[in-house]
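Chain by chain, the residues:
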Amino acid sequence: MAGVPDAQPDVSPEVLRERLAAARRISYLDVRADAFSTISLDAAASGELELCLEALHGIAYMDARDEAAAKASLITYRSGTLANGRQIAETISSLSLRDAVMAEIAAGRPR
């Protein structure tokens, strides 16, 4: 999971909420998934756990949701918020991916 993408930190909750509202209006599921994924990463980088989880729940495809959750979890964990990183990781459906993320958190050494 070393390749966690950069996310926009310090996005205000108001801006994230507006972006969530816009993403909900997207008709095409692939485009909607990409929008929610980006929002979840920015929310994670901004320390907005509830908005991150809300964005993740908006992703219809399980694989895409799991991948976004793994990235968001590691962004949150690496920024120093272990509990939030673990909470996001717990939403990952894929056992192997969840185990990999939890193993990094358990190791206590962000990469």
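Everything discussed here concerns the structure shown above.
Heads up: these notes are all about the structure in this document. Here the structure is a predicted model, which is why all the values come from computation and not from measurement.

1. Regarding the pattern of salt bridges
Any two side chains of opposite charge can pair, given that their charged atoms come close. Under the counting rule described, the total for this entry stands at 4 salt bridges. With a closest N to O distance of 2.9 Å, R78 and E104 form a salt bridge. Here E104 lies in helix 6 (residues 95-107) and R78 lies in helix 4 (residues 62-78), a separation of 26 residues in the sequence. Exposure remark for R78: the relative accessible area of 24% places this residue in the partly exposed category. For E104, a relative accessible area of 2% translates into the label buried. Note that E90 and R86 form a salt bridge whose closest N and O atoms lie 2.7 Å from each other. We classify R86 as partly exposed; its relative accessible area is 37%.

2. Section: the nonpolar core
Within the largest apolar cluster, 32 residues are counted, with the highest numbers of intra-cluster contacts made by C52, L56, I88, I92 and V101. Secondary structure elements with two or more residues in this core: helix 1 (13-24), helix 2 (29-45), helix 3 (49-57), helix 4, helix 5 (82-89) and helix 6. The residues contacting C52, other than those within four sequence positions of it, are S40, A43, A44, A72 and I88.

3. A few points about the side chain of D66
Take D66: it is sitting in helix 4. Among the polar contacts listed, one links the side chain of D66 to the backbone nitrogen of S94, at a separation of 3.0 Å. Beyond its immediate sequence surroundings of up to four residues, D66 is in contact with T91, I92, S93, S94 and L97.

4. Let's talk about the packing of helix 2 against helix 3
Their axes nearest at 8 Å, the elements helix 2 and helix 3 cross at an angle of 165 degrees. Between helix 2 and helix 3, the angle falls in the class roughly antiparallel. In this structure, the crossing between helix 2 and helix 3 has a hand that is left-handed. For the pair helix 2 and helix 3, contact is made by F36, I39, S40, A43 and A44 and by L51, C52, A55 and L56, respectively. Grouping the constituent residues of the contact of helix 2 with helix 3 by class yields 8 nonpolar, 1 polar and no charged.

Calculation notes
Counting restarts for each chain, with residues numbered from 1 along the sequence as it is written. Only residues with pLDDT of 70 or above have their local features reported here, since the model is predicted, and side-chain atom pairs are shown and tallied only from 80 upward, although totals for entire chains, interfaces and linings are computed over all residues. Hydrogens and water molecules were not included; the side-chain quantities draw on all heavy atoms of the structure. We define a salt bridge as a contact between a side-chain nitrogen of Lys or Arg and a carboxyl oxygen of Asp or Glu at a distance within 4 Å. Secondary structure elements follow DSSP: runs of H or I of four or more residues count as helices, runs of E of two or more count as strands, with numbering from the N terminus. Here's how the labels work: a residue is buried when its accessible area is under 20% of the maximum for its type, exposed when over 50%, partly exposed in between, all with a 1.4 Å probe on protein chains only. Residues enter a nonpolar core if they are buried and are Ala, Val, Leu, Ile, Met, Phe, Trp, Tyr or Cys, with the set joined through side-chain atoms within 4.5 Å. Any two residues having at least one pair of non-hydrogen atoms within 4.5 Å are treated as being in contact. Under the rule applied, a polar contact is a pair of N or O atoms within 3.5 Å (in protein, one hydrogen donor and one hydrogen acceptor; residues adjacent in sequence only if both atoms are side-chain atoms). Only C-alpha atoms enter the line fits that serve as axes; for helices the fit covers just the stretch in contact. Angles between N-to-C directions range over 0 to 180 degrees. Roughly parallel means an angle under 35 degrees; roughly antiparallel means over 145; roughly perpendicular covers 65 to 115; every other angle is labelled oblique. Throughout, a crossing is termed right-handed when the near helix is turned clockwise from the far one, and left-handed when it is turned anticlockwise from it by less than a right angle. Asp, Glu, Lys and Arg are counted as charged, while Ala, Val, Leu, Ile, Met, Phe, Trp, Tyr, Cys and Pro are counted as nonpolar; the rest, among them Gly, fall into the polar class.

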